[in-house]
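Fold and geometry: a report
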Amino acid sequence: MLEKWHNHQPETFVCINKWQQTPDTVTIELQPQVNTESIDFKPGQFVSLGIRIDNKLLFRAYSISSIPHRSTLQLTIKRVDGGKVSTYLVNTLTIGDNVQLLKPTGEFNCIDHPPKNQSVLLISAGCGITPVYSMAKYWLEHNANIDICFIHVAKSPSQTLFFEQLVQLNSEHSNFNLQLLLKDKADTEFHQGRLNQQWLEQLTPNLHQRTVYLCGPEGFMEDVSHYLQQLNFNMAQFFQESFTPTIAPVAEEVTKTVNVDIPAFSQTLTVNHGDNLATTLENANLPILVACRSGVCGSCRCKVTPNSVSSTSNMTLTAEDIEQGYVLACSSTIIDNTEVSFQ
């Protein structure tokens, strides 16, 4: 039992294995420092990982690439240009190092959103394969009757995450239909091209009988959603992951400054109307965890003065939380004087 997770606090995990997936991507295997028989989560979910860099604890969100009810977790992480945390994890993290993990979370999962029929289409591009790969492995282990069509878009076989594992799943399971669409298929028998509406129809048997789960770059997901709508797909059976934050609009004519009081730390900050609350608190070196930065993980939950911020997400907050004045700082802009607490 990981007790800290029940109190929305990070648990310490130890890196027990690390291996290269592609030149800029690694998988790390993490084991709780506190003994536990298994780790529960819903395939497709993510964790917020914290690592200390330059004496500062930084959190970022990463999808889980393993399946639940095991004694360890696996995260597959791509190095992002300019990304301090991803670069450290890919280049520097070593076996035996500690990291902090918040409880797995996320609405994009195959438990809360099960397939309507025993038939699914998983679509991914790049490192967006991570959560749907977890879903596929989970279903193949627990649901022998499910029919999985798996479309993944990548540059080449060598740039395809889990390439060998996917090929093996395809050969071992008659209900797993792998369709790789590559910019350069090299000497493989997979397809070469760019995903469009025609490819989507060609690669997917019985498309309209399936539930679709999608993850990838934002533009890619917008395109796939558009293709499905053009094909009159039932979008009630469409689910996608996204860590892209929605920005609250701020009227251009408003240029006033406002005060942010943080009594617990005896600080008063003067900021611009429309400033992001999480960024404001981070810049003041206050102990707030900002992981997904999209309002979907809940790590930056804090309490503010009523009507003092404008929020674009309250996804992880309960009705009681909202009534008591809690907001998600990453998805909130400051519109008036406010008092912030971290109760």
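A brief look at the structure comes next. Being a predicted model, the structure only gives us computed values, none of them experimental.

1. Here we look at the overall build of the chain
- In terms of regular secondary structure, the chain is built from 8 helices and 19 strands.
- Taking 343 residues into account, the globule formula puts the C-alpha radius of gyration at 20 Å, and the chain, at 21 Å, falls close to it.
- Overall, the chain is about 65 × 50 × 35 Å in size when its C-alpha atoms are taken along their principal axes.
- Burial analysis of the chain (343 residues in total) assigns 51% to the buried set.
- Long-range contacts, defined here as pairs at least 24 residues apart, represent 68% of the contacts in the chain between residues at least 6 apart.
- Per element, the accessible surface of the chain, about 16,500 Å² overall, is 45% carbon and sulfur.
- Measuring between centres, the 22 positive side-chain charges of the chain sit 4 Å from its 33 negative side-chain charges.

2. Some words on the pairing of strand β3 (residues 46-53)
- For β3, a buried count of 7 out of 8 residues is recorded, marking the element as mostly surrounded by other parts of the structure.
- In the sheet, β3 pairs with strand β4 (residues 56-63) via 8 bridges, with the strands oriented antiparallel. Its bridge partner lying in β4, R52 is registered against L57.

3. With respect to the pattern of salt bridges
- Per the stated rule, a full pass over the model turns up 5 salt bridges.
- E141 serves as the salt-bridge partner of R70, at 2.8 Å between the closest nitrogen and oxygen. Highlighted residues: R70 in the loop between β4 and β5 (73-78) and E141 in helix α3 (residues 129-142), separated in sequence by 71 residues.
- Classification of R70 as partly exposed rests on a relative accessible area of 32%.
- A salt bridge links R301 to D321, with the shortest nitrogen-to-oxygen separation between them at 3.1 Å. With R301 in strand β15 (residues 301-303) and D321 in helix α8 (residues 319-323), this pair connects stretches of sequence that are 20 residues apart.
- For R301, a relative accessible area of 29% gives the class partly exposed.
- With a relative accessible area of 11%, D321 lands in the buried category.

4. Quick notes on the side chain of T188
- Considering the arrangement of structural elements, one finds T188 in the loop between β9 (176-182) and β10 (191-192).
- By relative accessible area, which is 15% here, T188 ends up buried.
- Side-chain polar atoms of T188 contact the backbone oxygen of K185, separated by 2.7 Å.
- Every residue in contact with T188, bar those within four places of it in the chain, is listed here: P157, F163 and L182.

5. Re the packing of aromatic side chains
- Within the structure shown, the criterion is met by 7 aromatic pairs.
- Ring centres of W5 and F13 lie 5.8 Å apart, and the angle between their planes is 20°; on these two criteria the pair is classed as stacked.
- Relative accessible area serves as the criterion here: at 0%, F13 is assigned to the buried category.
- By the ring-pair criterion, three or more aromatic residues cluster together here, those being W139, Y213 and F239.
- Just above the ring of Y326 sits the side chain of R301; from NZ or CZ to the centre is 3.8 Å.

6. Let's talk about the nonpolar core
- Grouped together as the largest cluster of nonpolar side chains are 29 residues, with contacts concentrated most on L122, W139, F150, F176 and Y213.
- Counting residues per element, the ones that place at least two in this core are β7 (119-125), α3, β8 (147-154), α4 (163-172), β9 and β11 (211-215).
- Excluding residues within four positions of it along the chain, F150 makes contact with L122, S124, I129, V132, Y133, A136, L166, F176, N177, L178 and Q179.
- In this structure, I28, L30, F41 and I64 belong to the second largest nonpolar core, which totals 25 residues.

7. Some words on the sheet that holds β11
- Strand order in this open sheet of 6 strands is β10-β9-β8-β7-β11-β12, and the pairing throughout is parallel. Two strands close off the open sheet at either side, each with one partner strand: β10 and β12 (238-240).
- Note that β7 and β11 share 5 bridges and pair parallel. Its bridge partner being in β11, S124 is matched across the sheet by C215.
- Each of β8 and β9 is contacted by α4, which is oriented at about 140° to β9, the strand it contacts most.

8. Overview of the packing of α3 against α4
- In the contact formed by α3 and α4, the axes pass within 12 Å of each other and the chain directions differ by 30°. For the element pair α3 / α4, the angle class is roughly parallel. Crossing geometry of α3 relative to α4 is assigned as left-handed. Contacts from I129, Y133, K137 and L140 of α3 reach α4 at Q165, L166 and L169.
- Residues of the contact of α3 with α4, tallied by class, amount to 5 nonpolar, 1 polar and 1 charged.

9. Description of helix α6 (residues 218-230)
- With 13 residues, α6 ought to run about 18 Å at 1.5 Å a step, and its terminal C-alpha atoms sit 18 Å apart, in line with that.
- Those residues of α6 not exposed but buried are F220, M221, V224, S225, Y227 and L228. An end-on view of α6 places all buried positions within 160° of arc, on one side of the element.
- Buried residues in α6 make contact with β7, β8, α5 (197-203), β11 and β12.
- Positive phi shows up at N232, right after α6, with a value of about 60°.

Reading the values: rules and limits
Residues numbered from 1 in each chain as written. Predicted model: local features only at pLDDT ≥ 70, side-chain atom pairs only at ≥ 80, totals over all residues. Heavy atoms only, no water. Helix = DSSP H or I, 4+ residues; strand = E, 2+ residues; numbered from the N terminus. Rg over C-alpha atoms; globule rule 2.2 N^0.38 Å. Buried < 20%, exposed > 50% of the residue type's maximum accessible area, 1.4 Å probe, protein only. Contact = heavy atoms within 4.5 Å. Areas by Shrake-Rupley, 256 points an atom, 1.4 Å probe, with all protein chains shown as cover. Lys, Arg positive; Asp, Glu negative; His and termini not counted. Charge placed at Lys NZ, Arg CZ, Asp CG, Glu CD. Pairing = 2+ DSSP bridges. Salt bridge = Lys/Arg side-chain N within 4 Å of Asp/Glu carboxyl O. Polar contact = N/O pair within 3.5 Å; in protein donor to acceptor, adjacent residues only side chain to side chain. Phe/Tyr/Trp six-rings, centres within 6.5 Å; stacked < 30°, edge-to-face > 60°. Lys NZ or Arg CZ within 6 Å of the ring centre and 35° of its normal. Core = buried A, V, L, I, M, F, W, Y, C linked by side-chain atoms within 4.5 Å. Axes fitted to C-alpha atoms, helices over the stretch in contact; angles between N-to-C directions. Parallel < 35°, antiparallel > 145°, perpendicular 65-115°, else oblique. Left-handed = near helix turned anticlockwise from the far one by under 90°. Nonpolar A, V, L, I, M, F, W, Y, C, P; charged D, E, K, R; others polar. Expected span 1.5 Å × (residues − 1). Arc of directions from axis to C-beta.

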